[in-house]
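Structural features, examined
Letter by letter, the chains look like this.
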Amino acid sequence: ARLAHRKVDSPAQLAELREAVRDVGRAEPYRVAAGLAAVRHALLRRSEAALGRLEELLELAKLRLAHDDSFVYQAALNALAAAAEVSPRTVMPRLAELLLPQGKPQLGRRPSAACEARAAAATERRLKGAQALCQAVLRLGATLPPHADAAMAALLAGARDDCAAVRASCLAALATAASTLRLALHPYAVELLTLATSALQPHRNNALFQAAAAEADRRRLDSAASTSSAAPAAAPARETEEPGDGGSADERACVDEARAAAYLVGLTLQQLGTDGAAVLPPSQLRQIYAQLRLTRDGAADPLLREHAADAVAQLDLLGRHLLGAAAWSERPRTLTIRMP
């Protein structure tokens, strides 16, 4: 239906599109970004020539996702999101492919520098693939549900990735998809909450997460000591230090993953509302509630505790609804007939 509104291009617009395609293949970053922006505009106005070359434009934009310049790969993401808006049936599965792992590492061998470089490039591709799907979901908005299967399958698979940064990115993208799907979220709710709850469990005993929390505690103590010994006119230090503020990339990714998982649980429960009692099995609700309370009461990261507390509040609302419905069903029902 979207492709039915193609617009015939004028000679000037055809020449502009040809020039844009040439610019995308150039070496200068500003020319590449300008060419991708022109491709995006051509797609959004349903250019007949651009839609006729959709496969070629998709491959060009996907190729430029690997560019080091953030201005270039953001322009590529914008072009891919525009293509998804114009032709979601074709583009969404192609974007989902960006999240699929390519090849498996050889066990028992020390990875060479070339293998490590390829692994880093593959991780970067999956991270940008999650971002591309997230932007496409936002562009589609209320029209997403008929085309959501490919995106949800890829994001759910990415949330089980070996890399913590990819998992955190996919969990955050799943939260965006959950808020967009609304009532169409029901078929994915059980798997979403199972995945997010399991993502919270390792962080209570995860060495990286504990190291980040210990580092934050040490910084708080050092800050308090320096503040007490400083002059009264000195600027006050931060009262709290989040575990994600420092440490290695792996430590920050672990904290981000936990935050995204707790936020996804709360948002999914909020979107389900009272339907959660019918969609989710009681055993899963009990498991979610127990894990969220442990996270709320024991996590070192204040933002993680806040997300967990919000999710617990959503479950409390659902519980009060169930108690109210049970009380209503237990009331004696009598029929009163009033005569005139």
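For the structure, see preceding data.
Attention here is on the structure that accompanies the text.

Conventions adopted
- Residues numbered from 1 in each chain as written.
- Predicted model: local features only at pLDDT ≥ 70, side-chain atom pairs only at ≥ 80, totals over all residues.
- Heavy atoms only, no water.
- Helix = DSSP H or I, 4+ residues; strand = E, 2+ residues; numbered from the N terminus.
- Buried < 20%, exposed > 50% of the residue type's maximum accessible area, 1.4 Å probe, protein only.
- Contact = heavy atoms within 4.5 Å.
- Areas by Shrake-Rupley, 256 points an atom, 1.4 Å probe, with all protein chains shown as cover.
- Axes fitted to C-alpha atoms, helices over the stretch in contact; angles between N-to-C directions.
- Parallel < 35°, antiparallel > 145°, perpendicular 65-115°, else oblique.
- Left-handed = near helix turned anticlockwise from the far one by under 90°.
- Nonpolar A, V, L, I, M, F, W, Y, C, P; charged D, E, K, R; others polar.
- Expected span 1.5 Å × (residues − 1).

**Overview of the overall build of the protein chain**
Within the protein chain, the regular secondary structure consists of 15 helices and zero strands. Within the protein chain, the fraction of its 340 residues that count as buried is 42%. Counted over contacts in the protein chain with a minimum sequence separation of 6, partners at least 24 positions apart contribute 75%. When the accessible surface of the protein chain is summed, it comes to about 18,400 Å², and 56% of that surface belongs to carbon and sulfur atoms.

**So, the packing of helix α4 (residues 54–64) against helix α5 (residues 70–86)**
Contact geometry for α4 and α5: axes closest at 8 Å, N-to-C directions at 150 degrees. By the angle between their directions, the pair α4 and α5 is classed as roughly antiparallel. Between α4 and α5 the crossing geometry is left-handed. Seen from α4, the contacting residues are Leu-54, Leu-58, Ala-61, Lys-62 and Arg-64; seen from α5, they are Val-72, Tyr-73, Ala-76, Ala-79, Leu-80 and Ala-83. Of the residues in the contact of α4 with α5, the class split is nine nonpolar, no polar and two charged.

**Focus: helix α9 (residues 164–181)**
Relative to the 26 Å expected for 18 residues at 1.5 Å per residue, α9 spans 25 Å between its end C-alpha atoms, a close match to the ideal helical length. With 14 of 18 residues buried, α9 is to be regarded as a mostly interior element. Backbone geometry just downstream of α9 places Arg-182 in the positive-phi region, at approximately 55 degrees.

**Remarks on helix α10 (residues 186–200)**
With 15 residues, α10 extends 22 Å between its outermost C-alpha atoms, agreeing within 8% with the 21 Å of an ideal straight helix rising 1.5 Å per residue. Considered for burial, the residues of α10 that qualify are Tyr-188, Ala-189, Leu-192, Leu-193, Leu-195, Ala-196, Thr-197, Ala-199 and Leu-200.

**Some details on the side chain of Gln-135**
Position of Gln-135 among the secondary structure elements: in helix α7 (residues 113–140). What Gln-135 contacts, discounting residues up to four positions off in sequence, is Gln-74, Leu-77, Asn-78 and Ala-81.

**A closer look at the packing of α10 against helix α12 (residues 249–272)**
It is at 9 Å that the axes of α10 and α12 come closest, and there the two elements cross at 150 degrees. Judged by the angle between their axes, α10 and α12 are roughly antiparallel. Helix-helix and strand crossings are classified by hand; for α10 and α12 the assignment is left-handed. Across the interface between the two elements, His-186, Ala-189, Leu-192, Leu-193, Ala-196, Thr-197, Ala-199 and Leu-200 from α10 touch Glu-257, Ala-258, Ala-261, Ala-262, Leu-264, Val-265, Thr-268, Leu-269 and Leu-272 from α12. Looking at the contact of α10 with α12 residue by residue, the classes come out as 13 nonpolar, three polar and one charged.

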